[in-house]
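Residue-level listing of the chains:
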Amino acid sequence: YGGAMSLEDTADPASAEALAEQAWLDGDERALRAAWDQYGKLVFTYCARQLSDREAASDCTQETFVSAWRSRERFDPAKGTLASWLLGIARYRVLDQYRSTSKLPLPSSDADLGEAPRSDEAAAVAAGHQGTMAELQADEAVRNTYLGL
């Protein structure tokens, strides 16, 4: 590769950030390593707080940097910093993680579903009572009166 990319040689942090961003855009692989060293902990912390799972956060962080590197031409320093762009990508990786994992346990068979509670009308039909809705409402009113409901 041609010139060396060294952030340590630049005293001004804004200049160092600009050099890192330009190296990122140029596809310099050292820029990927520098971004990982500089922003990896930030991205991991964001993912870990959102997912509450260190292993998933670690995967999410890695996926963030892989996605960012593959789409580095979309990064525009005029729109924001490399850190904010990486966090934006991390946000979508976190959402992908939520979508890929079910937060509610799913039943393993129909037997685990149990019977759903039935409405009065459904219960009456199931019991063989073929009355009209008015009859069912009258029956319910009588039941409520005598049971004190």
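Remember, predicted model here, so these are calculated numbers, not experimental data.

(A) Main features of the confidence of the model for the protein. When pLDDT is averaged along the protein, the result is 77, and 59% of the positions lie at 70 or above. Across the protein, the element-wise mean pLDDT spans from 57 in helix H5 (residues 120-126) up to 95 in helix H3 (residues 54-70). Scored below 50 in pLDDT, residues 1-8 shows 15 contacts in the model against residues more than four places distant or in partner chains.

(B) Here's a closer look at the packing of H3 against helix H4 (residues 82-100). Two numbers describe how H3 lies on H4: the axes approach to 9 Å, and their chain directions differ by 130°. Classified by the angle between their axes, H3 and H4 sit oblique to one another. Here H3 and H4 pass one another in a crossing that is right-handed. Across the interface between the two elements, Ala 56, Cys 60, Glu 63, Thr 64, Phe 65, Ser 67 and Ala 68 of H3 pack against Trp 85, Leu 86, Ile 89, Ala 90, Arg 93, Val 94 and Gln 97 of H4. Partitioning the contact of H3 with H4 into residue classes produces 9 nonpolar, 3 polar and 2 charged.

(C) Examining the side chain of Asp 28 more closely. By the element assignment, Asp 28 lies in the loop between helix H1 (13-26) and helix H2 (29-51). Taking the relative accessible area as the measure of exposure, Asp 28 reaches 13% and is therefore buried. In terms of polar contacts, Asp 28 uses its side chain to reach the backbone amide nitrogen of Arg 30, at 2.9 Å.

(D) Expanded view of a negative patch on the surface. Together, Asp 53, Glu 55, Asp 59 and Glu 63 line one region of the surface with negative charge. A residue is classified by how much of its surface remains accessible, and Glu 55, at 61% relative accessible area, is exposed.

(E) View of the packing of H2 against H4. Following both chains from N to C, one finds H2 and H4 inclined at 35°, their axes separated by 10 Å at the closest point. When you trace H2 past H4, the crossing you get is right-handed. Contact residues: H2 offers Ala 35, Tyr 39, Leu 42, Val 43, Tyr 46, Cys 47, Gln 50 and Leu 51, while H4 offers Leu 82, Ala 83, Leu 86, Leu 87, Ala 90, Arg 91, Val 94, Gln 97 and Tyr 98. Its residues placed into classes, the contact of H2 with H4 shows 14 nonpolar, 2 polar and 1 charged.

(F) Broad picture of the environment of Ala 35. Within the secondary structure layout, Ala 35 lies in helix H2. Assessed through its relative accessible area of 2%, Ala 35 is described here as buried. Between the C-alpha atoms of Ala 35 and Ala 83, which are 48 residues apart in sequence, the distance is 8.4 Å.

(G) Quick look at the pattern of salt bridges. A full pass over the atoms with the stated rule returns 4 salt bridges. A salt bridge links Asp 28 to Arg 30; its shortest N-O distance comes to 3.0 Å. Notably, a salt bridge pairs Arg 33 with Asp 37, separated by 3.7 Å at the nearest N-O pair. With Arg 33 and Asp 37 both in helix H2 and 4 residues apart, this pair spans about one turn of that helix. Residue class for Asp 37 comes out exposed when judged on its relative accessible area of 52%. Residues participating in the shared-partner salt-bridge network are Arg 93, Asp 96 and Arg 99.

Analysis parameters
Residues numbered from 1 in each chain as written. Predicted model: local features only at pLDDT ≥ 70, side-chain atom pairs only at ≥ 80, totals over all residues. Heavy atoms only, no water. pLDDT = per-residue confidence, 0-100. Helix = DSSP H or I, 4+ residues; strand = E, 2+ residues; numbered from the N terminus. Contact = heavy atoms within 4.5 Å. Axes fitted to C-alpha atoms, helices over the stretch in contact; angles between N-to-C directions. Parallel < 35°, antiparallel > 145°, perpendicular 65-115°, else oblique. Left-handed = near helix turned anticlockwise from the far one by under 90°. Nonpolar A, V, L, I, M, F, W, Y, C, P; charged D, E, K, R; others polar. Buried < 20%, exposed > 50% of the residue type's maximum accessible area, 1.4 Å probe, protein only. Polar contact = N/O pair within 3.5 Å; in protein donor to acceptor, adjacent residues only side chain to side chain. Patch = residues over 30% accessible without salt bridge, like charges linked within 9 Å, V, L, I, M, F, W, Y side chains within 5 Å. Areas by Shrake-Rupley, 256 points an atom, 1.4 Å probe, with all protein chains shown as cover. Salt bridge = Lys/Arg side-chain N within 4 Å of Asp/Glu carboxyl O. Lys, Arg positive; Asp, Glu negative; His and termini not counted. Charge placed at Lys NZ, Arg CZ, Asp CG, Glu CD.

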